[in-house]
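Architecture and fold: a report
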Amino acid sequence: MSLIPSRWVQPALFSVKTVAAAFLALWIGLWVGLPFPFWAMTTAFIVSNPLAGATRSKAIYRVVGTFLGAVFAVAVVPVLVDTPMILSSVLALWVGGCLTVSLLDRSARSYTLMLAGYTAAIIAFPSVNQPYAVFDTAVARVTEITLGIVAATLTHSLFLPQSVAVPLGARLERWLADAHAWLTDCVRDPAEGGAPRRTPREQQQLAVDVVDCALMAIHVPYDTSHWREATGTLRALLERMILLLPLLSGLSDRRGAIASCDLAEHRGDDPELEAAQAATRAWIDAGCPALARPVIAVPESIRPETWHDLLVTSYRVRLAQVVTLLADCRQALDHLRDPHLPLPATLRSPRAALRLHQDLGHALMAGFAATVAVIACCALWIYSGWADGAGAAAMTAVFCCLFAAMDNPIPVILRFGLAICAGVPLAGIYLFEVLPYVQDFAAMALVMAPPLLLIAAFIPHPRLGGQATAMAMGFCSALAIQESFHPDFERFVNSNLGQVLAVVLAAGFTAGLRNLGTDVAIARLLRALQRDLVRLSTAATPPDPGQALGRVIDQTALLTQRLGADPAGSLAAQAALREVRLAINLVAIQHARAAAPCASNAPSPACCARRPAISAPGAPMPCRRPMPGYSTASIAPCA
């Protein structure tokens, strides 16, 4: 039996690699004579991630953002140094503007502008007292941060790298198993009785899990495994997974409506419906093989005589779509694991790039809160004559930016700030009681390693990771290791008090100037989705399926993520999937209407394309017209 529990192995390995990267960056910084080498050490802790692909994916954006922030600081400090409040206002506007634009781009590129914002503050504010040295400060800061990024990236990529494919593959497999269980509930035989395999709460968690998979997939192109060569397949898989959520929800609702109708009208079993469900159950029991998917018979046109007939046909349409998408998901995942397995061309790349939702109101309010908080801190610093107030202004910008994407960042800002402050007393002990007796770098690394190894071991923890990173930042920044050792207790206290003030200002202005809470975010997203529904329903020409559904899919992810995170199960959040089902049908109906044959007495084809084609009594109703680039089995309107 192993003396070390298996669950400790990966955190311990990550801790050793992270601390090694930090000491490597610090040693190189001291060796080349950088003025603030502790910035390189601190950066190594900030950018390290247990997954090698995640560390590498953000490295280039962090470097570019740091460079842009340095260029802006060098441009404005010499010009405005004689007017401190104007300079502070310009820097605050730069921070707020960069933050606003970064929140509108929810890809990894957003790090570029966010870093450009608060890097300018980190460089410019301490340079106010020495404006002639701002260029040297900017060069040093860019060099130090780049050194930390490179050290962390190389260490986590070369020494026992942990691939993104391992945890992502496990999550995808678990998600498909949950989706199969939900489908089993939809097609189970009522005579079997028993409770459903998936409760509504577990169905909500299914929606949250698909968002987590999509976030992890961002790092796959930078991974060390063969998955990086099949990013198109992974993206096509994720699109189908997200699309499955409203389809499974609709299938479940239709099954409940059919059961209620059968009970009210005392109907017997429907042979065609039972055959479709039995074939699906057999397929699920066989493990859902992708190449042996059941064929669900769906008529090309229907003649509904009763409401029950319409429900049954609609149910069979949705069942065929769900089975097709689940089989596609299984085939795509099998190919990702074994590239030698066959794969259709439709699964090798996505139909179109996802059009991500942008919340301009949220971005503007977050940028405005950051701007006001930085200006307030600068005013306190300037008019009080506080010698070390520059650090407080810079950290206010950092705190306002790091957590601005959250609905309610206040608790996270407070926890992060407290964790930074918790590292300061430990740094004080080392700075005044331990390091004065250390004579060389090896001895310094040896005495500093125990607390750093312990702190770094908690960085991968899903709940404590943020606080662990913050404590490492506070410890390294408070030590402020430089080429020469000059401990100054008064300077130590003053500079670290600025971090406390930065936490208070960032949290206070964020709370006062932003709408908070999950319910507010859900309502804002629902309004945006409803505006999109109006645009889809009133479009003069059929909407492009890729763009329209891409945006709706992203809104689904955001809404269902909050639905799963909301313990109260908000009614507005529970209605999100129904709104998305409506959007899917609207896109398909617009294309079906445009393709419908015009009557002989119609004024013109354009007129026919602008209004629904209404069939005469008893005539077949078009139900499943294909859309360009989309299979009728995946998206189609139903009665």
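Residues numbered from 1 in each chain as written. Predicted model: local features only at pLDDT ≥ 70, side-chain atom pairs only at ≥ 80, totals over all residues. Heavy atoms only, no water.

**Quick notes on the overall build of the protein**
A count of helical and extended segments in the protein gives 22 helices and 2 strands. Residues classed as buried in the protein amount to 52% of the 639 residues present. Restricting to contacts in the protein with at least 6 residues of sequence separation, those with at least 24 account for 80%. (Helix = DSSP H or I, 4+ residues; strand = E, 2+ residues; numbered from the N terminus. Buried < 20%, exposed > 50% of the residue type's maximum accessible area, 1.4 Å probe, protein only. Contact = heavy atoms within 4.5 Å.)

**Topic: a nonpolar patch on the surface**
A cluster of nonpolar side chains, namely Ile60, Val64, Phe67, Leu68 and Val71, defines an oily patch on the protein surface of about 420 Å² accessible area. Tracing the chain through its elements places Val71 in helix H3 (residues 52–80). Accessibility expressed as a relative area gives 42% for Val71, which makes it partly exposed. (Patch = residues over 30% accessible without salt bridge, like charges linked within 9 Å, V, L, I, M, F, W, Y side chains within 5 Å. Areas by Shrake-Rupley, 256 points an atom, 1.4 Å probe, with all protein chains shown as cover. Salt bridge = Lys/Arg side-chain N within 4 Å of Asp/Glu carboxyl O.)

**What to know about empty space enclosed by the protein**
Following the criterion strictly, the structure yields 2 cavities of 30 Å³ or more and no others. In this model, the second largest cavity occupies a volume close to 30 Å³. Lining the second largest cavity are Gln10, Leu13, Phe14, Lys17, Pro50, His156 and Gln162. Per element, the largest residue contribution to the lining of the second largest cavity is 4 residues, and it comes from helix H1 (residues 9–32). Its residues assigned to classes, the lining of the second largest cavity comprises 3 nonpolar, 3 polar and 1 charged. (1 Å grid on protein atoms, 1.4 Å probe; cavity = no way out; pocket = protein on both sides within 12 Å on 5 of 7 lines; lining within 4 Å. Points joined across faces, edges and corners; volume = space filled by probe spheres on them. Nonpolar A, V, L, I, M, F, W, Y, C, P; charged D, E, K, R; others polar.)

**Brief notes about the pattern of salt bridges**
Under the criterion given, the structure shown has 7 salt bridges. Across the pair Arg141 and Glu144 runs a salt bridge, and its minimum N-O distance is 3.4 Å. Here Arg141 pairs with Glu144, and both are found in helix H6 (residues 134–158), just 3 residues apart, close to one helical turn. The same class applies to Arg141 as to Glu144, namely buried. A single salt-bridge network, built from bridges that share partners, covers Glu173, Arg330, Asp334 and Arg337.

**Comments concerning helix H4 (residues 84–104)**
In an α-helix, one full turn covers 3.6 residues, which means residues spaced three or four apart are oriented alike. End to end, H4 covers 31 Å across 21 residues, agreeing with the expected 30 Å (1.5 Å per residue, within 8%). For H4, the set of buried residues is Leu87, Ser88, Leu91, Ala92, Val95, Gly96, Cys98, Leu99, Thr100, Ser102 and Leu103. Along its buried surface, H4 packs onto H3, helix H5 (110–124), helix H12 (360–384) and helix H13 (389–402). (Expected span 1.5 Å × (residues − 1).)

**Some thoughts on the packing of aromatic side chains**
Scanning the entire structure with this criterion turns up 10 aromatic pairs. Their ring planes at 80° and their centres at 6.0 Å tell us that Phe36 and Phe38 sit as a pair that is edge-to-face. Ring geometry for Phe399 versus Phe416: centroids 6.1 Å apart, planes at 80°, classification edge-to-face. Here the residue Phe399 occupies a position in helix H13, and Phe416 occupies one in helix H14 (residues 410–434), the gap between them amounting to 17 residues. Residue Phe399 is classed as buried on the basis of its relative accessible area of 0%. Directly above the ring of Tyr111 sits Arg62, whose terminal nitrogen or CZ lies 5.3 Å from the centroid. (Phe/Tyr/Trp six-rings, centres within 6.5 Å; stacked < 30°, edge-to-face > 60°. Lys NZ or Arg CZ within 6 Å of the ring centre and 35° of its normal.)

**Side note on the nonpolar core**
With 73 residues, the main nonpolar core has Leu168, Leu172, Leu183 and Leu234 as its most contacted residues. Ranked by size, the runner-up nonpolar core spans 60 residues in total, among them Ala392, Val398, Met473 and Ala506. (Core = buried A, V, L, I, M, F, W, Y, C linked by side-chain atoms within 4.5 Å.)

**Focus: the packing of H12 against H13**
Contact geometry of H12 with H13 gives a least axis separation of 9 Å together with a crossing angle of 170°. Relative to H13, the element H12 is oriented roughly antiparallel. Mapping the contact onto sequence places Ala370, Ala373, Val374, Cys377, Cys378 and Trp381 in H12 and Gly389, Ala390, Ala392, Ala393, Thr396, Ala397 and Cys400 in H13. A per-class count over the contact of H12 with H13 returns 11 nonpolar, 2 polar and no charged. (Axes fitted to C-alpha atoms, helices over the stretch in contact; angles between N-to-C directions. Parallel < 35°, antiparallel > 145°, perpendicular 65-115°, else oblique.)

**Considerations on the environment of Pro126**
The residue Pro126 is located in the loop between H5 and H6 in this model. Along the sequence, Pro126 and Ala392 sit 266 residues apart, while their C-alpha atoms lie 10.0 Å from each other. In this structure Pro126 touches Ala121 and Ala390, once residues within four positions along its chain are discounted.

**Examining unusual backbone geometry**
The backbone phi angle of Leu160 is positive, close to 45°, even though this residue is not glycine. Tracing the backbone through its elements, the reader meets Leu160 in the loop between H6 and helix H7 (165–187).

**Details of the state of the cysteines**
Disulfide: a covalent bond connecting the sulfur atoms of a pair of cysteines. Scanning the model with the defined rule gives 0 disulfides in all. This cysteine, Cys400, is not joined by any disulfide, and Cys401 carries the nearest cysteine sulfur, 6.8 Å off. (Disulfide = S-S within 2.5 Å.)

**So, the packing of H13 against H14**
For any two helices packed against each other, the geometry is given by the interaxial angle and the distance between the axes. Interhelical geometry of H13 versus H14 gives an angle of 135° and a closest axis separation of 10 Å. Compared by their axis directions, H13 and H14 come out oblique. Judged by the sense of rotation from one axis to the other, the crossing of H13 with H14 is right-handed. Note on element contacts: H14 touches H13 through Ile413, Phe416, Gly417 and Ile420, opposite Met395, Phe399 and Leu402. For the contact of H13 with H14, the class distribution of residues is 6 nonpolar, 1 polar and no charged. (Left-handed = near helix turned anticlockwise from the far one by under 90°.)

**Let's talk about the environment of Ala468**
Relative to the helices and strands, Ala468 is located in helix H16 (residues 465–479). The exposure class assigned to Ala468 is buried, which follows from its relative accessible area of 7%. Taking the C-alpha atoms as reference points, Ala468 and Ile420, separated by 48 residues in sequence, lie 8.7 Å from one another. With residues near it in sequence (within four places) discarded, Ala468 still touches Ile455, Phe458 and Ile459.

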